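Residue-level structural notes
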Number of protein chains: 2
Amino acid sequence: MATARTTPHSVSALLDHLARLSRVHTEATLDARGLRQRHLVALTVLREHAPATQQALASALAIDRTNLVGLLNELEGDGYVERRRSAEDRRRHIVELTPAGERALTGAEQAIEQAEAEIFHGLSEQERATLRALLQRATAGHVLDCAAAAGLRDPVETARDEDEGAVPAA
Amino acid sequence: MATARTTPHSVSALLDHLARLSRVHTEATLDARGLRQRHLVALTVLREHAPATQQALASALAIDRTNLVGLLNELEGDGYVERRRSAEDRRRHIVELTPAGERALTGAEQAIEQAEAEIFHGLSEQERATLRALLQRATAGHVLDCAAAAGLRDPVETARDEDEGAVPAA
DNA sequence: ACAAAACATTTGTGGAGCACAAACGAGTTG
DNA sequence: CAACTCGTTTGTGCTCCACAAATGTTTTGT
């Protein structure tokens, strides 16, 4: 059971590194389609996560609420997403992927597939599929987690919140 | 068996997303150790890639040469890396990981392991190991690729180290 | 009904990260 | 010697992002 405790490479560092390499290699393709990585990420999360409030979406994407507004404005301006008010709570906006957004996402995915093939030439096709599946599941799990964390309107206020209040290293 | 040809999720987007989640979750731990993600990435690549010139390193990290200078200054200031001149070409700097750097890297990896466990709670331990292995191999392949790409114009003395015939790009 | 809180929005500020260009000294090569 | 390379420094500008404050709308608690 004990996994190799020799040198458990930081997954975080590897992710960061590969994400950068991948982004650099694919940004040209995306740029030609008027998209950026974060758009692709947002659309991807949205596709998985059906209708979501902006709050949940911001939490899932780990970006600030106010910054999500601009991101959604861009996507909505392109007709890729749609905002409508929630029926239950009309303060909320329900964000959804439009058919055009789904097409754009699928198209972009196919377009950058070739660029990704170059990046992952060190992996076999099956390994790449495995990698994709693992990444997908890992992100999926986190989206749910964040959505749950976002719904802290519970009667019980989190007595033990993150201790990050204000610790800006001087 | 048949790899899903329906919608091959963009690995790029998934990587970007997970890398962000991971970074946000681990940055507190790293900060307490006076490190940032890019330091960890650089150290990781350096550990794998033994002695490397700054040119090769910049290519591997996909960052600008001029910005690498500052990054290495920080790491060298902490005693984590060492620059020495190349014997063959004294214009070059050979960057290497110091024992302190290796300790710092190992220590940071162990420290953020816990934070990573929270991020990847959606995956079993074995799956996480698989993911790590795949990421490692993918980055390793790319480092070699970049090093080869960087040394395009000096085909002379490349027959030095383990040059296992990097696949020439078509 | 009224006050308080939540949500989305807009705007502004500040900082981090990075690409890019230009110039320099040191060292190489032809 | 001249031309080039490498690492370095400096400066400029852009992008991304967190954070704060103010506003309008809607919900919720009393």
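The coordinates are above.
Below you will find a few notes about this structure. The model shown is predicted, which means the values in this text are computed figures rather than measured ones.

1. So, the overall build of chain A
Helix and strand content of chain A: six helices and three strands. Along chain A, helices (α) and strands (β) appear in the sequence α-α-β-α-α-β-β-α-α when read from the amino end. If you take every contact in chain A between residues at least 6 apart in sequence, the share linking residues at least 24 apart comes to 54%. In the form shown here, chain A has an accessible surface area of approximately 9600 Å², with 48% of it arising from carbon and sulfur atoms.

2. Thoughts on helix α5 (residues 99-119) of chain B
Residues and elements named next belong to chain B. Given a rise of 1.5 Å per residue, 21 residues ought to cover 30 Å, and the 30 Å separating the end C-alpha atoms of α5 matches this to within 8%. The largest bend in α5 amounts to roughly 40° and is located at E113. Taken residue by residue, α5 has G101, A104, L105, G107, A108, E109, I112, A115, E116 and I119 as its buried positions.

3. Focus: the interface of chain A and chain B
Every contact between the two is made by 59 residues of chain A and, on the other side, 57 residues of chain B. When chain A packs against chain B, close to 5700 Å² is buried across both sides, 68% of that on carbon and sulfur atoms. Run the count over chain A and chain B and you get two salt bridges. Of the charged contacts, one joins B:R137 and A:E127 as a salt bridge, the two residues approaching to 2.4 Å between their closest N and O atoms. For the interface between chain A and chain B, the tally reads 27 residue pairs in polar contact (both at pLDDT 80 or more). Looking at the side of chain A that touches chain B, the elements with two or more residues in it are α1 (11-31), α2 (37-48), α3 (54-61), α5 (99-119) and α6 (125-150) of chain A. Tallied by class, residues from the side of chain A that touches chain B come to 27 nonpolar, 18 polar and 14 charged.

4. Describing the protein's contact with DNA strand C
Taken together, 22 residues sit near DNA strand C, with A:Q54, A:R83, B:R36, B:R38 and B:D64 positioned nearest. At 2.9 Å, a side-chain N or O of A:H93 approaches a phosphate oxygen of DNA strand C. Contact distances for DNA strand C include 3.2 Å between a base nitrogen and a side-chain N or O atom of B:N67. At the level of secondary structure, the elements contributing two or more residues to the surface near DNA strand C comprise α3 and α4 (65-77) of chain A together with α4 (65-77) of chain B.

5. Quick look at the relation of the copies chain A and chain B
Both copies of the chain are placed relative to one another by a rotation about an axis and a shift along it. Mapping chain A onto chain B calls for a rotation angle of 180° and an axial translation of 0.0 Å; the resulting RMSD is 0.1 Å. Expressed as an axis order, the relation between the two copies is that of a two-fold axis. With an isologous cut-off of 70% or more, the 95% of interface residues of chain A that recur at the interface of chain B puts this contact in the isologous class.

6. Overview of the sheet that holds strand β2 (residues 81-85) of chain B
Residues and elements named next belong to chain B. Pairing is antiparallel in the open sheet, where three strands are placed in the order β1-β3-β2. Bordering the open sheet on either side are β1 (52-53) and β2, each of which pairs with just one other strand. In this structure, β2 lies alongside strand β3 (residues 93-97), joined through five bridges in antiparallel fashion. Note on β3: the bridge partner recorded for R84 is I94. Where α4 meets the sheet, its contacts fall on β2 and β3, and the angle it forms with β2 comes to roughly 115°.

Reading the values: the criteria
- Residues numbered from 1 in each chain as written.
- Chains lettered and ligands numbered in written order.
- Predicted model: local features only at pLDDT ≥ 70, side-chain atom pairs only at ≥ 80, totals over all residues.
- Heavy atoms only, no water.
- Helix = DSSP H or I, 4+ residues; strand = E, 2+ residues; numbered from the N terminus.
- Contact = heavy atoms within 4.5 Å.
- Areas by Shrake-Rupley, 256 points an atom, 1.4 Å probe, with all protein chains shown as cover.
- Expected span 1.5 Å × (residues − 1).
- Bend = angle between axes of the 7 residues up to and from the residue.
- Buried < 20%, exposed > 50% of the residue type's maximum accessible area, 1.4 Å probe, protein only.
- Buried area = accessible area lost by both parts, 1.4 Å probe.
- Salt bridge = Lys/Arg side-chain N within 4 Å of Asp/Glu carboxyl O.
- Polar contact = N/O pair within 3.5 Å; in protein donor to acceptor, adjacent residues only side chain to side chain.
- Nonpolar A, V, L, I, M, F, W, Y, C, P; charged D, E, K, R; others polar.
- Near = heavy atom within 4 Å.
- Least-squares fit on C-alpha atoms with pLDDT ≥ 70 in both.
- Pairing = 2+ DSSP bridges.
- Axes fitted to C-alpha atoms, helices over the stretch in contact; angles between N-to-C directions.

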